[in-house]
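So the chains spell out like this:
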Amino acid sequence: MTAPLVLLDLDGTLMDSAPGITASAAHAFRALGLPVPDAGTLRSFVGPPITDSFPAHGVPPERVMEAVTAYRAAFTAGGMYDNAVFDGVPEVLTELRDAGCALVVATSKPEMFAKPICDRFGLTGLVDAVHGAPPDEARSTKADVIAAALDALGRRSPVAADDGPVVMVGDREHDVHGAAAHGIDCLGVAWGYARPGELEAAGAVGTVDDVAALGAAVRARL
């Protein structure tokens, strides 16, 4: 049997990336001459593909790619590094690797951004691989990202029992739904950007309230 596999969301799970993402989203609304949403709405941009978030919050469909271009201009100018690893995350990743788990980042953030961010903040050396969305996020869901990660690891979908145990860790409903598409349970984390009750309603198998408790919670699901 292969090693237990832990798929890890990035934004809101391993990293507090809200400052850079919300500032870049606000810049995009201003660039398009549209009203900037309130702070709570901007926080909802953390996690899902921005190609879903913009039309959901007032950007006309025909202007979504214009908004994406403006967002990425601000993001690549510095917003992508305006974040921080949550306290305790490196220790949890080390704990899980020492327990024999394979760790793979599976994020809706485009891989061309996810990899240098993980490099910059010291996460790359703590995981086995980083998988993200293609540059055109409109063609990718969290389920697609997970599919690519499983394929790269030679794992089947839906996950079979003899492939070894697999669990997803994430902070938003799209993490839960993306994992479920492959027969994978998702463990939610409460320190991310989900609305109250969002993870439970989506079908998360549990929610962890504190980073220090994550390692034990993950091992209990494998």
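Relevant structure appears above.
Residues numbered from 1 in each chain as written. Predicted model: local features only at pLDDT ≥ 70, side-chain atom pairs only at ≥ 80, totals over all residues. Heavy atoms only, no water.

### Considering the pattern of salt bridges
Opposite charge on two side chains allows them to pair when their charged atoms are near. This model, assessed by the stated rule, comprises 10 salt bridges. Of the charged contacts in the structure, one is a salt bridge between Lys142 and Asp9, with a shortest N-O distance of 3.1 Å. With Lys142 in helix α7 (residues 142–152) and Asp9 in the loop between β1 (5–8) and β2 (15–16), the pair connects residues that are 133 residues apart, well separated along the chain. Of the two residues, Lys142 and Asp9, neither departs from the other in class, the shared state being buried. Within the structure, one salt-bridge network assembled from shared partners comprises Arg172, Glu173, Arg195 and Glu198. (Salt bridge = Lys/Arg side-chain N within 4 Å of Asp/Glu carboxyl O. Helix = DSSP H or I, 4+ residues; strand = E, 2+ residues; numbered from the N terminus. Buried < 20%, exposed > 50% of the residue type's maximum accessible area, 1.4 Å probe, protein only.)

### A look at the sheet that holds β1
Strand order across the open sheet formed by 6 strands is β5-β4-β1-β6-β7-β8, with parallel pairing between neighbours. Across the chains shown, the open sheet's two edge strands, defined by having one partner strand only, are β5 (129–133) and β8 (206–208). With direction set aside, neighbouring strand axes in the sheet form an average angle of 25°. Direction of pairing for strand β7 (residues 185–189) relative to β8: parallel, over a ladder of 3 bridges. Bridge pairing in β8 links Gly188 to Thr207. Seen against the sheet, helix α6 (residues 111–120) touches β4 (102–110) and β5 and runs at an angle of roughly 130° to β4. (Pairing = 2+ DSSP bridges. Axes fitted to C-alpha atoms, helices over the stretch in contact; angles between N-to-C directions. Contact = heavy atoms within 4.5 Å.)

### Considering the environment of Pro110
Note on placement: Pro110 falls in strand β4. Along the sequence, Pro110 and Val205 sit 95 residues apart, while their C-alpha atoms lie 27 Å from each other.

### Structural notes on the packing of helix α4 (residues 64–76) against α6
Where α4 contacts α6, the two axes come as close as 13 Å, and the packing angle between them is 15°. It follows from the interaxial angle that α4 and α6 lie roughly parallel. The element α4 and its partner α6 pack so that their crossing is left-handed. Taken together, the residues of α6 that come into contact with α4 (itself represented by Arg72, Phe75 and Thr76) are Met112, Phe113 and Ile117. Its residues assigned to classes, the contact of α4 with α6 comprises 4 nonpolar, 1 polar and 1 charged. (Parallel < 35°, antiparallel > 145°, perpendicular 65-115°, else oblique. Left-handed = near helix turned anticlockwise from the far one by under 90°. Nonpolar A, V, L, I, M, F, W, Y, C, P; charged D, E, K, R; others polar.)

### Considering the packing of aromatic side chains
What the rule picks out here adds up to 6 aromatic pairs. An aromatic cluster of at least three residues, connected via ring pairs, comprises Phe29, Phe45, Phe54, Tyr71, Phe75 and Phe113. Stacked on the ring of Tyr81, the Lys or Arg Arg120 has its end atom at 3.7 Å from the ring centre. (Phe/Tyr/Trp six-rings, centres within 6.5 Å; stacked < 30°, edge-to-face > 60°. Lys NZ or Arg CZ within 6 Å of the ring centre and 35° of its normal.)

### Some remarks on the nonpolar core
Residues Leu14, Phe54, Leu93, Leu123 and Leu214 are the most contacted members of the largest nonpolar core, which totals 52 residues. With sequence-adjacent residues up to four places away left out, Leu93 is seen in contact with Leu8, Leu14, Leu103, Leu123, Leu126 and Val127. If you look at the next biggest cluster of nonpolar residues, it comprises 19 residues, including Ala133, Val145, Leu150 and Ala204. (Core = buried A, V, L, I, M, F, W, Y, C linked by side-chain atoms within 4.5 Å.)

### What about empty space enclosed by the protein?
Taken as a whole and judged by the stated rule, the model has 2 cavities of 30 Å³ or more. Of the pockets and cavities examined, the second largest cavity occupies roughly 40 Å³. Surrounding the second largest cavity, Leu8, Thr13, Leu14, Val89, Val92, Leu93 and Leu214 form its lining. In terms of residue count, the dominant contributor to the lining of the second largest cavity is helix α5 (residues 89–98) (3 residues). Split by residue class, the lining of the second largest cavity holds 6 nonpolar, 1 polar and no charged. (1 Å grid on protein atoms, 1.4 Å probe; cavity = no way out; pocket = protein on both sides within 12 Å on 5 of 7 lines; lining within 4 Å. Points joined across faces, edges and corners; volume = space filled by probe spheres on them.)

Such coordinate-based values are descriptive only and should not be taken to indicate function.
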